[in-house]
Amino acid sequence: FEHHEEKLKELKEDYELIYSKTYQLGLELSQKRYEVAQNIISLVDTQIKDLYLTHAKFDINFTKLDTISKSGIDKIDFLVSMNPGQPLRSISKVASGGEISRLMLGLKVVFTILSGISTIVFDEVDTGVSGKVALAVGEKMNSLGNENQVLCITHLAQVASFANNHYHVSKFVENNETYTKVTLLNEDEHVIEVAKLISGNEVSEASILASKELIGNK
């Protein structure tokens, strides 16, 4: 109690010294983040062009905080413009379902490459796409699967046709309990399930031929 003024002064000096050192580390971290961000921007732009987001532009925005947070001195936001003439805005505010699916696929491919992740799970990342875009999504995941283990949940024939191993997931009820069944399909079953995705449960000769064509072109 007798020396509280001196103690407070000492603690304040310690605080200011530690804050100064921490802020300097924050500046160094910010600079490294900025350098890495430029590489990420370039890689993402390449990936999304492959997914028919021809006019999309991707950027990473840095905003300096007024104080130090547990993650540094930056507030970082991923920005995107999907069409010519549109300003860059936060991803959450501008992208449609199909566009955000492809953008997230592009981001995941880039971060997988950079971080050395060996297993990637895509849960209906093809939502909102069809036709040649669906094929491009399948090709992108197939390419990623050359170096990594890729698990993909899909309802698109174009994407399912790329599978090296096709599992069919179904539910059934037994004794008032619901169960999930996962079955590894053989080659013929793979063709039939892809055909079902094309035409529904009523598999026709035409859908079988279309399924074989899709699978055979991979």
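Up top is the structure these notes are about.
Just so we're clear, the structure is a prediction, and the values are computed from it rather than from any experiment. (Residues numbered from 1 in each chain as written. Predicted model: local features only at pLDDT ≥ 70, side-chain atom pairs only at ≥ 80, totals over all residues. Heavy atoms only, no water.)

> I keep staring at the packing of aromatic side chains and nothing clicks. Help me out?
Between two aromatic rings, the relevant description is the distance of the centres plus the angle of the planes. Per the counting criterion, the structure on display carries six aromatic pairs. Taking the centre distance of 5.8 Å and the plane angle of 65° together, the rings of Y34 and F62 count as edge-to-face. Of the two residues, Y34 is situated in helix 1 (residues 4–50) and F62 in strand 1 (residues 57–69); the sequence distance between them amounts to 28 residues. A centroid spacing of 5.5 Å and a plane angle of 25° characterise the contact between F172 and Y179, whose relative ring orientation is stacked. With relative accessibility at 34%, the residue F172 sits in the partly exposed group. Three or more aromatic residues joined by ring pairs make a cluster, and in this case those are Y15, Y19 and Y23. (Phe/Tyr/Trp six-rings, centres within 6.5 Å; stacked < 30°, edge-to-face > 60°. Helix = DSSP H or I, 4+ residues; strand = E, 2+ residues; numbered from the N terminus. Buried < 20%, exposed > 50% of the residue type's maximum accessible area, 1.4 Å probe, protein only.)

> Mind showing me how you'd approach the packing of helix 1 against helix 3 (residues 97–115) here?
Packed helices, taken two at a time, are described by the angle their axes make and the gap between the axes. Where helix 1 meets helix 3, the closest approach of the two axes is 9 Å, and the angle between their N-to-C directions is 130°. Here helix 1 is positioned oblique relative to helix 3, judged by the angle of their axes. Like other packed secondary-structure pairs, helix 1 and helix 3 cross with a definite hand, here right-handed. Residue-level contacts link N39, I40, L43, V44, Q47 and I48 of helix 1 to L103, G106, L107, V109, V110, F111 and L114 of helix 3. Of the residues contributing to the contact of helix 1 with helix 3, the split by class is ten nonpolar, three polar and no charged. (Axes fitted to C-alpha atoms, helices over the stretch in contact; angles between N-to-C directions. Parallel < 35°, antiparallel > 145°, perpendicular 65-115°, else oblique. Left-handed = near helix turned anticlockwise from the far one by under 90°. Contact = heavy atoms within 4.5 Å. Nonpolar A, V, L, I, M, F, W, Y, C, P; charged D, E, K, R; others polar.)

Keep in mind these numbers describe shape, not what the thing actually does.
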